[in-house]
Structure formats: structure tokens, C-alpha cells
Amino acid sequence: ANAIANLEGLDPSRGKAAMVDELGGTWELIYSVNAEAFSPLLNLPKLIRPTSLQLLGEDAAQVVGDGRVAQVLNFPILPISLVLSSGAVPYDPDLSTLETFPPF
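Residues numbered from 1 in each chain as written. Predicted model: local features only at pLDDT ≥ 70, side-chain atom pairs only at ≥ 80, totals over all residues. Heavy atoms only, no water.

1. Details of the overall build of the chain
Helix and strand counts for the chain come out as three helices and five strands. Listing each helix as α and each strand as β along the chain from the N terminus yields α-β-α-β-α-β-β-β. Expressed as a percentage of its 104 residues, the buried residues of the chain come to 21%. Looking at the chain alone, contacts between residues at least 24 apart form 36% of all its contacts between residues at least 6 apart. Here the chain displays about 7500 Å² of accessible surface, and carbon together with sulfur accounts for 60% of that area. (Helix = DSSP H or I, 4+ residues; strand = E, 2+ residues; numbered from the N terminus. Buried < 20%, exposed > 50% of the residue type's maximum accessible area, 1.4 Å probe, protein only. Contact = heavy atoms within 4.5 Å. Areas by Shrake-Rupley, 256 points an atom, 1.4 Å probe, with all protein chains shown as cover.)

2. So, the side chain of glutamine 71
On the secondary structure map, glutamine 71 appears in strand β3 (residues 68–74). A relative accessible area of 6% places glutamine 71 in the buried class. Here serine 52 takes part through its side chain, which lies 2.6 Å from a polar atom of the side chain of glutamine 71. Here the side chain of glutamine 71 touches glutamine 54 through a polar contact of 3.5 Å, side chain to side chain. (Polar contact = N/O pair within 3.5 Å; in protein donor to acceptor, adjacent residues only side chain to side chain.)

3. Describing the confidence of the model for the chain
Taken residue by residue, the chain gives an average pLDDT of 82. The fraction at 70 or more is 86%. By mean pLDDT, the top-scoring element of the chain is helix α3 (residues 58–64) (92), and the lowest-scoring one is helix α2 (residues 35–38) (67). (pLDDT = per-residue confidence, 0-100.)

Set out below in C-alpha cells:
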């Protein structure tokens, strides 16, 4: 918790992360606490575990359209990718938060 609190002071968006284009892109999930609660696929052995990517901003728009975010699971052995998509908008009044709509 202290490490996260220390990083918050370095926030380049100044608390408006949901509105800053520079944070758009493709992000890879490299660590998760209680991953099994999020997706049992992330607990598979490394050899067959999919990579988990989150697409935001322009990267997401190219795959699922404007105003949406995407989660992509790429499987290492099979040429299969699963894409989940949701509408997403900055949460007003807290512009540090991106509000994600169903199906996520």
C-alpha cells in the first residue's frame, strides 16, 4: 500500500487519468492479486496461460470502436485471441476514474 501511495505522487495526469490521451495504448497485466477471482485462465501454467492485454484510447478504438475499452486474451500455443469489450467514459466528478459498462 505504501509503494502505491508513493507512486500516486508521480501521477503525470494530475488525478485526471480517465481524460489523458497519453495513458491510452495497450497495457499488459503482469501481476494480479487473487487472479483466480478475475479469471481462472490467468492461473493456468505459464506454458498455456494467455497474456492479458487491456486496450485504452486509440488502441481500443481500432479494435472495438470509439468510446470503448477492450480486454484481449492471447493464447500462446493456439492462434486464438478472445476480445471482451465495454463502453467506457470518464466518471464525473472524479476524472481519475474510468467508468466501465457491462458486459465487463
